[in-house]
Amino acid sequence: MAIEPNVLAAVVVDELIRNGVTKFVYCPGSRNGPVGFALVNRAERGDVDLHVRLDERSAAFVALGLARGGGKPAAVVTTSGTAVANLLPAVCEADQGQVPLLVLSANRPPEALGTGASQTVEQFGFFDGQVRYKVQVGSAQQGDEVVSRYARSQVSTAVLACFGGFGRAHGPVQVDLPLVSGKPPSIPDVEGPCGRDRGLPWVAVPPRTASGSRTDIDLARPTVVVAGDGADVHEVPADIPLVAEPTVEVEGRVRIHPWALDYLSPRQVVVLGRPTLHRAVSALLERDDVELFVQSGAVLEGIFAGTHANRISDHYRFDGKSPPEWTKQVWDADRIVRECWEECLDQTADTPTGLHVARRLLAAVRPAHLLWVGASNPIRDVGLVADLPAGVRVYSNRGVAGIDGTIASAIGLALNRPTQAVIAFVGDLTFEHDASSLQFGTLERRPDNLTIVVSNDNGGGIFETLEQGDRKYQGAEFGGAFERIYGTPQQTDIKAICQAYGVRYRNGDDGRWMAGLGARHGMEVIEISTRRSSLRDIHAEVRERMNRAMTTVNGIQHARSAPGDGAQRCTGAGSQAATA
């Protein structure tokens, strides 16, 4: 006789807890009901932190935020059918972003497949190519003890894979749970066969030790280290020029402005993590006069910029000192770029853009604040306009870099780090895309430490700075195609959305929105009206200022960046607006 569904669910939940999975986001459903009852029971005992969400896509991103904030696997639990399909965006982000996300999907029994049974699809293959590991823990026609051992071993193995076991990076896994019934239990405390003694997981794997290939870097040659999302820079000497994306913890090092790279000629570049934000970096990695060293190994899934690399190694050791003349060139270029940005933003402050909001936000955040930055322009703006304050940790969904799930992810981070202020910085389209994540059941815990700053430029501001934003695509020749398919202006009332979900709203157009930023007064949304039409001109103006200033500095070359995709090189000024 098959193991009773509520007993199997209790066994699976118990083994997850033994393996350190204590954060769960549950989506209502019938087939996953036994798992839900087991989770409520363990939540009442204080064993798990349970959150309930209606929207599976939002729930998965909340779990992703919980996992990012805690560094441990978090689980999203759904019923069968399209509920599981809605998890795919977050699973893709967890895959590329190396986030330990565990999908626990209830399923109909195998014999229901192909019969037209309600909510029955072939869901076990939904995430093929995106998960580190997947297993289907079925209700075999065997005794409870045998099924318990099998289920515990599979669950334990899945968590190990999720948390970077078997020589791979952290990432998502799927535990699919076919249940013959979703009926609730007859008693509150359902217990199954016991696991290992002393609460140990069923399967244990010794910690992974650092090993693999190593390459020595001679710092006598002009060197730049480029650190993208997921990079670990603790072995990089403090005096080496470092271009680091906002999500990288630089441990007190100074970040070189990415646009400074367009005026420098390093002989060698070391790439750590996945730098995907700035075209100046992409152009540098494609230059044939640069020797490129790229990090690989268990910390990464795939090799970033591998097609251009001269050497791929697991570890790098830096020897020697940077030449003083090279260091001076780097600092001169960095200083000039930052001064040009400051001057241009000061002169255009009366017509604010997202760039201006980002600069003011970075001036307002304080040490120990957590900053979640949306994809598209906000994360780029943060990387362009000012230095990140020391002690401020930045998070962003940089794996696939989509705008979906940003609000949910920030909520997950805030729920997992309740003692720290979390500030989310997003554009209007990102906010509107995920506004339903502001929905909380009346029995659910809302974070009181989350402020969402919305830079509302009424559309897709990032495209203003790209090739599509050329003025000709906004004119009659192309039928105003830009505004229709890229600008995409909306008529959304953000204040009304907040009121509908019971979220505090504040308009920041009076310029005083930074007051009390990070204070605890429940969830709050601050909306600031900005302009996207001037973004292209600002980028071009900054570039022109830099080109003029660089010609007066000894040893620094003229602009080398390219418009468009960075595959070409030119020295013009106005054409450089799209290089961010």
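Just above sits the structure.
All values derive from a computational prediction rather than experimental measurement.

**Focus on the overall build of the chain**
Okay, step 1: Along its length, the chain carries 15 helices and 19 strands.
Okay, step 2: Here the C-alpha radius of gyration of the chain, 26 Å, is about what a compact globule of 580 residues would show, namely 25 Å.
Okay, step 3: In terms of overall dimensions, the chain has C-alpha extents of about 85 × 55 × 45 Å along its principal axes.
Okay, step 4: The burial tally for the chain puts 57% of its 580 residues in the buried class.
Okay, step 5: Partitioning the contacts of the chain with sequence separation of at least 6, the portion at a separation of at least 24 is 74%.
Okay, step 6: As displayed, the chain has an accessible area near 23,200 Å², and 51% of this comes from carbon and sulfur atoms.
Okay, step 7: Across the chain, the 58 positively charged side chains and the 67 negatively charged ones have centroids separated by 2 Å.

**Observations concerning the sheet that holds strand 8 (residues 223-227)**
Okay, step 1: Read from one edge to the other, the open sheet built from 5 strands follows the order 9-8-10-11-12, with strand pairing classed as parallel. In the strand order of this sheet, the two ends are held by strand 9 (242-244) and strand 12 (311-313), each with one partner. For this sheet the average axis-to-axis angle between neighbouring strands, irrespective of direction, equals 20°.
Okay, step 2: Here strand 8 runs beside strand 10 (residues 268-272); their pairing, made up of 5 bridges, is parallel. Bridging across to strand 10, V226 finds its partner in V271.

**What about the packing of aromatic side chains?**
Okay, step 1: What the rule picks out here adds up to 7 aromatic pairs.
Okay, step 2: On the numbers, 6.4 Å between centres and 75° between planes, the contact of F126 with F127 is edge-to-face.
Okay, step 3: Residue classification places F127 among the buried residues on the basis of a relative accessible area of 0%.
Okay, step 4: Residues F463 and Y486 carry aromatic rings whose centres are separated by 5.0 Å and whose planes lie at 50° to one another, so their mutual orientation is tilted. With F463 in the loop between strand 17 (450-456) and helix 13 (481-487) and Y486 in helix 13, this pair connects stretches of sequence that are 23 residues apart.
Okay, step 5: Owing to a relative accessible area of 27%, F463 belongs among the partly exposed residues under this scheme.
Okay, step 6: Classification of Y486 as partly exposed rests on a relative accessible area of 25%.
Okay, step 7: Across from the ring centre of W259, 4.2 Å away, lies the NZ or CZ of R543, which sits over that ring.

**Things to note about the pairing of strand 3 (residues 74-78)**
Moving residue by residue along a regular strand, the side chains alternate between the two faces of the sheet.
Okay, step 1: Strand 3 sits mainly inside the fold: 5 of its 5 residues count as buried.
Okay, step 2: Neither face of strand 3 is exposed, since A74, V76 and T78 on one face and A75 and V77 on the opposite face are all buried.
Okay, step 3: Here strand 1 (residues 23-26) runs beside strand 3; their pairing, made up of 4 bridges, is parallel. From the neighbouring strand, F24 faces strand 3, where its bridge partner is A75.

Analysis parameters
- Residues numbered from 1 in each chain as written.
- Predicted model: local features only at pLDDT ≥ 70, side-chain atom pairs only at ≥ 80, totals over all residues.
- Heavy atoms only, no water.
- Helix = DSSP H or I, 4+ residues; strand = E, 2+ residues; numbered from the N terminus.
- Rg over C-alpha atoms; globule rule 2.2 N^0.38 Å.
- Buried < 20%, exposed > 50% of the residue type's maximum accessible area, 1.4 Å probe, protein only.
- Contact = heavy atoms within 4.5 Å.
- Areas by Shrake-Rupley, 256 points an atom, 1.4 Å probe, with all protein chains shown as cover.
- Lys, Arg positive; Asp, Glu negative; His and termini not counted.
- Charge placed at Lys NZ, Arg CZ, Asp CG, Glu CD.
- Pairing = 2+ DSSP bridges.
- Axes fitted to C-alpha atoms, helices over the stretch in contact; angles between N-to-C directions.
- Phe/Tyr/Trp six-rings, centres within 6.5 Å; stacked < 30°, edge-to-face > 60°.
- Lys NZ or Arg CZ within 6 Å of the ring centre and 35° of its normal.

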